[in-house]
Amino acid sequence: MPKLLIIGAGGVSRVVVHKCAGLPEVFPDIMLASRTKSKCDAIAAELSRPIQTAQIDADDPAQVAALIREFGADLVVNVALPYQDLSIMDGCLEAGAHYVDTANYEPPNEAKFSYGWQWAYQDRFKEAGLLALLGSGFDPGVTGVYCAHAQKHHFDEIHEIEIIDCNAGDHGHPFATNFNPEINIREVTANGRYWENGEWIETKPMELSQTFDFSEGIGPKKAFLIYHEELESLVKNIKGLKRIRFWMTFSDNYIKHLEVLQNVGMTSIEPISYNGQEIIPLQFLKALLPDPASLGPRTVGKTWIGCVIDGVKDGKRRRYTVYNTCDHQECFKETGAQAVSYTTGVPAMIGAKMIAEGKWTGAGVFNIEEFDPDPFMADLNQYGLPWHESIEELD
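Here goes a summary of the coordinates provided. (Residues numbered from 1 in each chain as written. Predicted model: local features only at pLDDT ≥ 70, side-chain atom pairs only at ≥ 80, totals over all residues. Heavy atoms only, no water.)

**A look at the overall build of the chain**
Summing up its helical and strand segments, the chain has 14 helices and 18 strands in all. Scaling as 2.2 N^0.38, a compact globule of 395 residues should have a C-alpha radius of gyration of about 21 Å, and the chain matches this with 20 Å. Viewed in the frame of its principal axes, the chain has a C-alpha envelope of about 60 × 55 × 40 Å. Scored against the burial criterion, the 395 residues of the chain give a buried share of 57%. Within the chain, residue pairs in contact and separated by at least 24 positions form 71% of the contacts whose partners lie at least 6 positions apart. A total accessible area of about 15900 Å² is found for the chain, and carbon and sulfur atoms account for 48% of it. (Helix = DSSP H or I, 4+ residues; strand = E, 2+ residues; numbered from the N terminus. Rg over C-alpha atoms; globule rule 2.2 N^0.38 Å. Buried < 20%, exposed > 50% of the residue type's maximum accessible area, 1.4 Å probe, protein only. Contact = heavy atoms within 4.5 Å. Areas by Shrake-Rupley, 256 points an atom, 1.4 Å probe, with all protein chains shown as cover.)

**A few points about the side chain of N184**
Within the element layout of this structure, N184 appears in helix α8 (residues 181-189). By relative accessible area, N184 is classed as buried at 5%. Only 2.6 Å separates the side chain of N184 from the side chain of Y254, close enough to count as a polar contact. The residues contacting N184, other than those within four sequence positions of it, are T177, F179 and Y254. (Polar contact = N/O pair within 3.5 Å; in protein donor to acceptor, adjacent residues only side chain to side chain.)

**A word on the side chain of T102**
The topology assignment puts T102 in the loop between β5 (98-101) and α5 (116-119). For T102, a relative accessible area of 14% translates into the label buried.

**Thoughts on the packing of aromatic side chains**
Counting across every chain of the model gives 17 aromatic pairs. On the basis of an interplanar angle of 75° and a centroid distance of 6.5 Å, the ring pair of F155 and Y320 is categorised as edge-to-face. Here Y320 lies in strand β16 (residues 316-327) and F155 lies in the loop between α7 (142-153) and β7 (157-167), a separation of 165 residues in the sequence. We note that F155, like Y320, is buried. With centroids separated by 6.2 Å and ring planes inclined at 50°, the aromatic side chains of F224 and F250 adopt a geometry described as tilted. Here the residue F224 occupies a position in strand β11 (residues 219-225), and F250 occupies one in the loop between β12 (243-249) and α10 (252-263), the gap between them amounting to 26 residues. Both residues of the pair, F224 and F250, belong to the buried class. (Phe/Tyr/Trp six-rings, centres within 6.5 Å; stacked < 30°, edge-to-face > 60°.)

**A short note on the pairing of β12**
Of all the seven residues making up β12, seven are buried; the element is thus mostly covered by neighbouring parts of the structure. Because side chains alternate across β12, one face comprises the buried residues R243, R245, W247 and T249, and the other comprises I244, F246 and M248, equally buried. The pairing of β7 with β12 spans six bridges and is parallel. Across the sheet, residue I164 finds its bridge partner in β12, namely W247. In this sheet, β12 lies alongside β11 in antiparallel orientation, the contact comprising three bridges. Bridge pairing links F224 to M248 in β12. (Pairing = 2+ DSSP bridges.)

**Some points on the environment of L258**
Its location among the elements puts L258 in helix α10. The buried category is assigned to L258, whose relative accessible area is 4%. Between the alpha carbons of L258 and V188 there is a distance of 9.4 Å; along the sequence they are 70 residues apart. Not counting residues up to four positions away in its chain, the partners in contact with L258 are F175, I185, V188, T189, M206 and T267.

**Observations regarding the packing of α8 against helix α11 (residues 281-288)**
For the pair α8 and α11, interaxial distance at closest approach is 9 Å and the crossing angle is 125°. By the angle between their directions, the pair α8 and α11 is classed as oblique. Seen from above, α8 lies across α11 with right-handed handedness. When α8 is examined against α11, the residues P181, E182, I185 and R186 are found in contact with a partner set consisting of L282, Q283, L285 and K286. For the contact of α8 with α11, a count of residues per class yields four nonpolar, one polar and three charged. (Axes fitted to C-alpha atoms, helices over the stretch in contact; angles between N-to-C directions. Parallel < 35°, antiparallel > 145°, perpendicular 65-115°, else oblique. Left-handed = near helix turned anticlockwise from the far one by under 90°. Nonpolar A, V, L, I, M, F, W, Y, C, P; charged D, E, K, R; others polar.)

Okay, structure coming up:
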């Protein structure tokens, strides 16, 4: 079994490490590395088995490659910042390690994310005989596996996909984000975008919304159309698709605070001069907000994330719904992290496990829906993210 290097020491990393450490038969040797080694040591101290820890600047491909070689890693799970995807991929290529991440690359100085930068690595990973698995979180990640599962088992043609992410949790703060504030705020303040009839349609931020009535006791919640990275790959990999959209719920309180912060310029990524030094307002705001990793003990409620898929099977129209729901406090009891981190970290472990066990193989750069969904779907049920499905015949 491969030696596993995990880079990053935030809330998602805590879940990945706990889950991987619980599978010594798959991951017998683990190293956790981050810019701040003390964070790695704190996570390591929570485990029932020893792992190694190290300090690394993941912005430097040479440091990444050197640590891969020093530890002898065969596989790297990147749960650092999306800004660091390319430098970690470069390090993997230089040192000869497979690669897994949970979010696609975005440049630090531009509010834009796209798989294009990572897809450009296809030839280099293929020539090196290495596998790069992109987007092995929940969304992106499990949502792509759900779509592949639907395509394989429930449809002859898929025509419409609605991906819906509902966090019905309450952390008790006036304003906080459930994952990295800088990434979260950049994502939701960008223009919305969806794909329909062969073209991308752009909307203003938060322009389109609708209310969904969620199961599992959650009830009706307002969700907003935003652009999310898995749309870009699913348009390529789900055949016959006519429309795909992504919806995410936000509370009225979240929207109110976000509007004020935007109006006063605190969500800007343009540098400003303050007291003789240059600062970026959004990075300053991130320093003021609660650390998402600290939200676990106080967050209550549930998440609901899934896909509603319309298409045709045996000449008849049908609607297929598949989703997972997680309880924040149950996730915290198991791993010390709230459900948003848990739902991202568990799929990252499973993606690494697919490669470690040889269930997913290949050379090149792949999105998660390009692989056989069956073993991944089975592991979701086994390792904490059970899924539920229903079929409604429309004809």
